[in-house]
Amino acid sequence: MNQNEKSRLSQPDIWLRHIVHAPITSLCIVLVFIVIASIGIKDLQFRGDYNIFFDKGNAQLKAFDRIQAEFAKTDNLAILIAPKNGDVFTPETLTLIKNITDDAWQTPYSSRVDSITNYQHTEADGDDLAVRDLVPNDLVLTAQAITKIRQVALNTPETRNAIVSKKGDLAVVNITVQLPEKDKTAEIAETYDYVTNTLSKYEQDNPDVHFYKAGLVAMNYALMQSAQQDITHLVPGMFLVILAVLIILLRSTLSVFATLIVIITAVLSTVGLSGWLGLSINVATVNIPTLILTLAVADCVHIIATMRHQMQQGESKSAAIIHSLKMDVMPVIITSVTTAVGFFMMNMSDSPVLRTFGNLAAIGVMIACLLSLVLLPILLQLLPIKISAKPPQQSTAFIDSIADAIIKYRHFLLISSTLVIIAGAALIPLNTINDDSVKYFNKGSDFRTVADYMQEHISGMGTISVVIDSGEDQGIVDPQYLKTVENFTHWLREQPEVDHVASLTDILKRLNQNMHADNQTYYRLPTNRQLSAQYLLMYEMSLPYGLDLNNQINIAKSALKVQITTENLGSHKFIALESRINHWFEDHNLGGKVKSITQSSPSLMFAHIGSKNMRSMLISLPISLIMISGLLVLALRSFKLGLYSIIPNMAPAVIGFGIWALLSGEINLALSVVASLTLGIVVDDCVHFLTKYQIARKQGMSAQDAVRYSFHNVGRALWVTSVVLIAGFCVLTLSTFRLNSDMGKLSSMIIFIALVIDFIFLPSCLMFFDKKEQSEPMVNQDQLQE
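- As named in an unreviewed UniProt entry, the protein chain is MMPL family transporter, taken from Vibrio eleionomae.
- On record in UniProt, under Subcellular location (unreviewed entry), the comment for the protein chain is "Cell membrane".

Right under this line is the structure:
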């Protein structure tokens, strides 16, 4: 090429020709970037605890941290012991429970162990108070002794439905842990693994007993396990799916190889940069590789499809690559930017884990765009790809027939698709925002199976800690304060969703009865402040180490904590119960002795985060739509086409959420961001179609011929990329973590609907509204082909 020829080339032309004619130099530059980015992988950290879902400034989290600091922590690992004969009150099972209780004290970071065998039972001993284990070490388990143990365990409010089921068929050894939180993920794994190894010997020696693990530690461990399973199963599975789909659709092994190199390097670069940025890998972001694999393929397919189309028409490979980049560089950049905008808008989320997901996905999309426009053409040039020339009609006959049908029935298709969109919008209100942390795990997963079993036999895993503050030191022994707490406890036990309530008033009533020779008529609160204080002091002095009352009373004795255990509730029921509790205290605060109450728990935090996140996403969605539409107007240099793109870009999510109302009707934390997540992705097909349509209209074609031209040139690439995207998100549905699987289901549904909308509604809309004929071609035929 001489100097005059170079001077006639635009800067993009020089860049394209440099990639094609100097591929080795370009490849070296790209590889340096990839290596530098990938080095960050060594700094990646993994987090598997539930705290990743909440900001440090989250109101519920701050309240929970205050409660944890003022009272003993409630992080726990519960061992469920279920004898097959359905009776825990046998000598063998009680001995087993006692042995497990003793061993449980050796659990790493354990601070307390509660079970029916070490429950601190009180009774009158002459004029003294006897406080001892319900099943002491020296007790001979005769039938009479077991009858007494059963009677106490099943009739005491502190134990029934807490550490033993009301039917006596299930016992719980509850281990409270105080994690240092230097490396919470490692500490959780250490605790869980120790208990698992401890139980393994009991499982071998007791084949007639089932053992299960539940509690917050078990939930955190399940989060970690889900993430690890996604890494080891879904990412390799995604590779296989993409490989199979590309081989079938592209019919070129070398083109598939080039695509795989691009997507692998895009994933490595993205994950590496997340390490450089100090971002952690967790149960949500662990699927970023799967997402990047899918999105990177879409860019590659468009470029390869155009190159193949030109080579089939007889062009050389170099000329076909340059032509493909000229035709697709702007649509690929537009779609990547709009997709990144959709992901970046997830920063409006109230959950940091979703913000991190959005940021990593956006970074990955732009890296995939860069590598698709630079690394892919280099590889296509270096690899000995050969494609035989074919008549144009032969390669696009099927797509052309679809275009003809849509043009013929455009009025009917426009009306029918509009009615479908309206119907989808009408169904959306049937969805409800409902987060249940137990249902974050699919049915069949170990944690979900245990949670469901526990709900059926003893209680749910939902909890609410209610701190009732008297506002003065030693204020908890005030008679009016205690009466308010007792009334509150009674009211809670009448609520249909409450399974158990742990309240100090039950202990005080029992102590009052004990100090009156176990006379049942004295099972009531002491009426004297000093008497209540003396009972508490005497009782606390009698308790063994590790079983004190610091989980219910603060140091200043100014506040009590009432611990509520509920069924496995959805977020709206949790928030409703929280609201009822607040209203109860507003109406029943005797003498104004309760100065304030504080409610919080992991269950309550998850309940609030879903509804907050939905509100944030409802704000961000129109912002995303305006930004993306504005980008399309600027890129296409046409306000009219940008306006036409709004409905096709919004309609898939509208129809998708309408269908979801019929399939499930519950919007959880992950689904609340799907609209923003998919908005940028569905723009892909729309942009490529509108770009080709605009080129044809500028050439002077009618709207019908421009639609036909768009289908002819980009139709096959659109359905190939959509199939790949759908396949990628379908792989995500296999995740054992329901947030990921639900996101995969709804996203794949929306992407499929987007393809149908862009094939039916968009061209029908263009032909109906864009009837103005071009007066003369704005580009000549040679430019059109270039």
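**Examining the sheet that holds strand S2 (residues 76-83)**
In a beta sheet, neighbouring strands are held together by backbone hydrogen bonds and run either parallel or antiparallel to one another.
Reasoning step 1: If you trace the four strands from one edge of the open sheet to the other, you get S3-S6-S2-S7, paired in antiparallel fashion. A single partner strand is all that each edge strand has here, and the edge strands are strand S3 (110-114) and strand S7 (209-214). When strand polarity is set aside, the average angle formed by the axes of neighbouring strands in this sheet is 15°.
Reasoning step 2: Packing against the sheet, helix H7 (residues 184-205) makes contact with S2, strand S6 (171-177) and S7, and its axis sits at approximately 175° to S7.
Reasoning step 3: Relative to S2, helix H8 (residues 216-250) is tilted by about 100°, and along the sheet it contacts S2, S6 and S7.

**Section: the domain arrangement of the protein chain**
Reasoning step 1: Taken as a whole, the protein chain is organised into domain 1 (3-48 + 221-383 + 397-438 + 606-769) and domain 2 (76-214).
Reasoning step 2: Facing the five residues of domain 1 at the interface are five residues of domain 2.
Reasoning step 3: Together domain 1 and domain 2 conceal approximately 450 Å² of surface at their shared face, both sides included; 73% is due to carbon and sulfur atoms.
Reasoning step 4: Counting the contacts that link domain 1 with domain 2 gives zero salt bridges.
Reasoning step 5: Taken together, the connections running from domain 1 to domain 2 amount to one residue pair in polar contact (both at pLDDT 80 or more).
Reasoning step 6: Residues belonging to the side of domain 1 that touches domain 2 are distributed by class as follows: three nonpolar, one polar and one charged.

**Details of the packing of helix H17 (residues 504-514) against helix H18 (residues 529-542)**
A pair of packed helices is characterised by two quantities: the angle between their axes and the separation of those axes.
Reasoning step 1: Where H17 meets H18, the axes come as close as 10 Å, and the angle between the chain directions of the two elements is 95°. For the element pair H17 / H18, the angle class is roughly perpendicular. Residues Leu504, Ile507, Leu508, Arg510, Leu511 and Asn512 of H17 lie in contact with H18, whose contacting residues are Ser532, Tyr535, Leu536 and Tyr539.
Reasoning step 2: Grouping the constituent residues of the contact of H17 with H18 by class yields seven nonpolar, two polar and one charged.

**A few points about the pattern of salt bridges**
Pairing between side chains of opposite charge can happen when their charged atoms approach one another.
Reasoning step 1: Under the counting rule described, the total for this entry stands at 25 salt bridges.
Reasoning step 2: Among the ionic pairs, Asp114 bridges to Arg112, the shortest N-O distance being 2.9 Å.
Reasoning step 3: Salt-bridge contacts for Arg697 lead to Asp770; the nearest nitrogen and oxygen are separated by 3.2 Å. Of this pair, Arg697 sits in helix H23 (residues 674-698) while Asp770 is found in the loop between helix H25 (738-769) and helix H26 (781-785), placing the two residues 73 residues apart along the sequence.

**Some details on the environment of Thr566**
Reasoning step 1: Tracing the sequence through the fold places Thr566 in strand S12 (residues 559-566).
Reasoning step 2: For Thr566, a relative accessible area of 0% translates into the label buried.
Reasoning step 3: As a C-alpha pair, Thr566 and Leu199 span 367 residues in sequence and 27 Å in three-dimensional space.
Reasoning step 4: Discounting residues that sit within four places of it in the chain, Thr566 has contacts with Gly460, Met461, Gly462, Thr463, Glu497, Val498, Asp499, Phe574 and Leu577.

**Brief notes about the side chain of Asn174**
Reasoning step 1: Here Asn174 lies in strand S6.
Reasoning step 2: In this structure the side chain of Asn174 is engaged in a polar contact, spanning 2.8 Å, whose partner is the side chain of Asn76.

**Describing the state of the cysteines**
Reasoning step 1: Evaluation of the coordinates by the stated rule reveals zero disulfides.
Reasoning step 2: The thiol of Cys765 is not disulfide-bonded; the next cysteine sulfur, from Cys686, is found 9.9 Å away.
Reasoning step 3: Judged by its relative accessible area of 8%, Cys765 falls in the buried class.

**Digging into the side chain of Asp75**
Reasoning step 1: Relative to the helices and strands, Asp75 is located in the loop between helix H4 (59-70) and S2.
Reasoning step 2: Buried charged residue Asp75 carries no salt bridge. Nearest counter-charge: Lys184, at 4.1 Å.

**A short note on the sheet that holds strand S10 (residues 462-469)**
Reasoning step 1: Spatially, four strands are ordered S11-S12-S10-S13 in an open sheet, and the strand pairing comes out antiparallel. In this open sheet, the two edge strands, each paired with only one partner strand, are strand S11 (498-502) and strand S13 (596-600). Neighbour-to-neighbour, the strand axes of this sheet turn through a mean angle of 20°, independent of strand direction.
Reasoning step 2: Where S10 and S13 come together, five bridges link them in antiparallel fashion. When the bridges of S13 are listed, Asp469 appears paired with Ser596.
Reasoning step 3: The sheet contacts of H4 involve S10, S12 and S13, and relative to S13 the element is tilted by about 105°.
Reasoning step 4: Across the face of the sheet, helix H16 (residues 479-493) comes into contact with S10, S11 and S12 while running at roughly 5° to S12.

**Considerations on a nonpolar patch on the surface**
Reasoning step 1: Taken together, the side chains of Val32, Val35, Ile36, Ile39, Trp276 and Leu277 define a hydrophobic patch exposed on the protein surface, amounting to about 580 Å² of accessible area.
Reasoning step 2: In terms of residues, the nonpolar patch owes the most to one element, helix H3 (residues 23-38), which gives three residues.
Reasoning step 3: Topologically, Leu277 is positioned in the loop between helix H9 (253-276) and strand S8 (280-281).
Reasoning step 4: For Leu277, a relative accessible area of 53% translates into the label exposed.

**Considering the pairing of strand S4 (residues 120-125)**
Reasoning step 1: Of the strand pairs in this sheet, S4 and strand S5 (residues 128-133) are connected by six bridges, and their pairing is antiparallel. If you follow Gln120 over to S5, its bridge partner there is Asp133.
Reasoning step 2: Connecting the antiparallel pair S4 and S5 is a turn made up of two residues, with Gly126 showing a positive phi of about 70°.

**Observations regarding unusual backbone geometry**
Reasoning step 1: A positive phi is found at Gln474, a non-glycine position, where the angle reads about 60°.
Reasoning step 2: Assignment of secondary structure puts Gln474 in the loop between S10 and H16.
Reasoning step 3: By relative accessible area, which is 39% here, Gln474 ends up partly exposed.
Reasoning step 4: The backbone phi angle of Lys557 is positive, close to 55°, even though this residue is not glycine.
Reasoning step 5: With respect to the element layout, Lys557 can be found in the loop between H18 and S12.

**Thoughts on the nonpolar core**
The tendency in soluble globular proteins is for nonpolar side chains to be buried side by side.
Reasoning step 1: Counting residues in hydrophobic clusters, the biggest one holds 183 residues, and the most contacted among them are Tyr50, Phe53, Leu80, Ile81, Phe89, Ile100 and Phe343.
Reasoning step 2: Three or more residues apiece are contributed to this core by two domains, here domain 1 (3-48 + 221-383 + 397-438 + 606-769) and domain 2 (76-214).
Reasoning step 3: The contacts of Phe89, once residues within four sequence positions are left out, are Leu94, Ile116, Ile146, Ile149, Arg150, Ala153, Leu154, Val164 and Gly168.
Reasoning step 4: Residues Val466, Val477, Tyr539 and Ala607 belong to the second largest nonpolar core, which totals 38 residues.

Procedures and definitions
Residues numbered from 1 in each chain as written. Predicted model: local features only at pLDDT ≥ 70, side-chain atom pairs only at ≥ 80, totals over all residues. Heavy atoms only, no water. UniProt positions renumbered as here; feature names shortened; annotations may be inferred. Pairing = 2+ DSSP bridges. Helix = DSSP H or I, 4+ residues; strand = E, 2+ residues; numbered from the N terminus. Axes fitted to C-alpha atoms, helices over the stretch in contact; angles between N-to-C directions. Contact = heavy atoms within 4.5 Å. Domains from an automatic or database assignment. Buried area = accessible area lost by both parts, 1.4 Å probe. Salt bridge = Lys/Arg side-chain N within 4 Å of Asp/Glu carboxyl O. Polar contact = N/O pair within 3.5 Å; in protein donor to acceptor, adjacent residues only side chain to side chain. Nonpolar A, V, L, I, M, F, W, Y, C, P; charged D, E, K, R; others polar. Parallel < 35°, antiparallel > 145°, perpendicular 65-115°, else oblique. Buried < 20%, exposed > 50% of the residue type's maximum accessible area, 1.4 Å probe, protein only. Disulfide = S-S within 2.5 Å. Lys, Arg positive; Asp, Glu negative; His and termini not counted. Patch = residues over 30% accessible without salt bridge, like charges linked within 9 Å, V, L, I, M, F, W, Y side chains within 5 Å. Areas by Shrake-Rupley, 256 points an atom, 1.4 Å probe, with all protein chains shown as cover. Core = buried A, V, L, I, M, F, W, Y, C linked by side-chain atoms within 4.5 Å.

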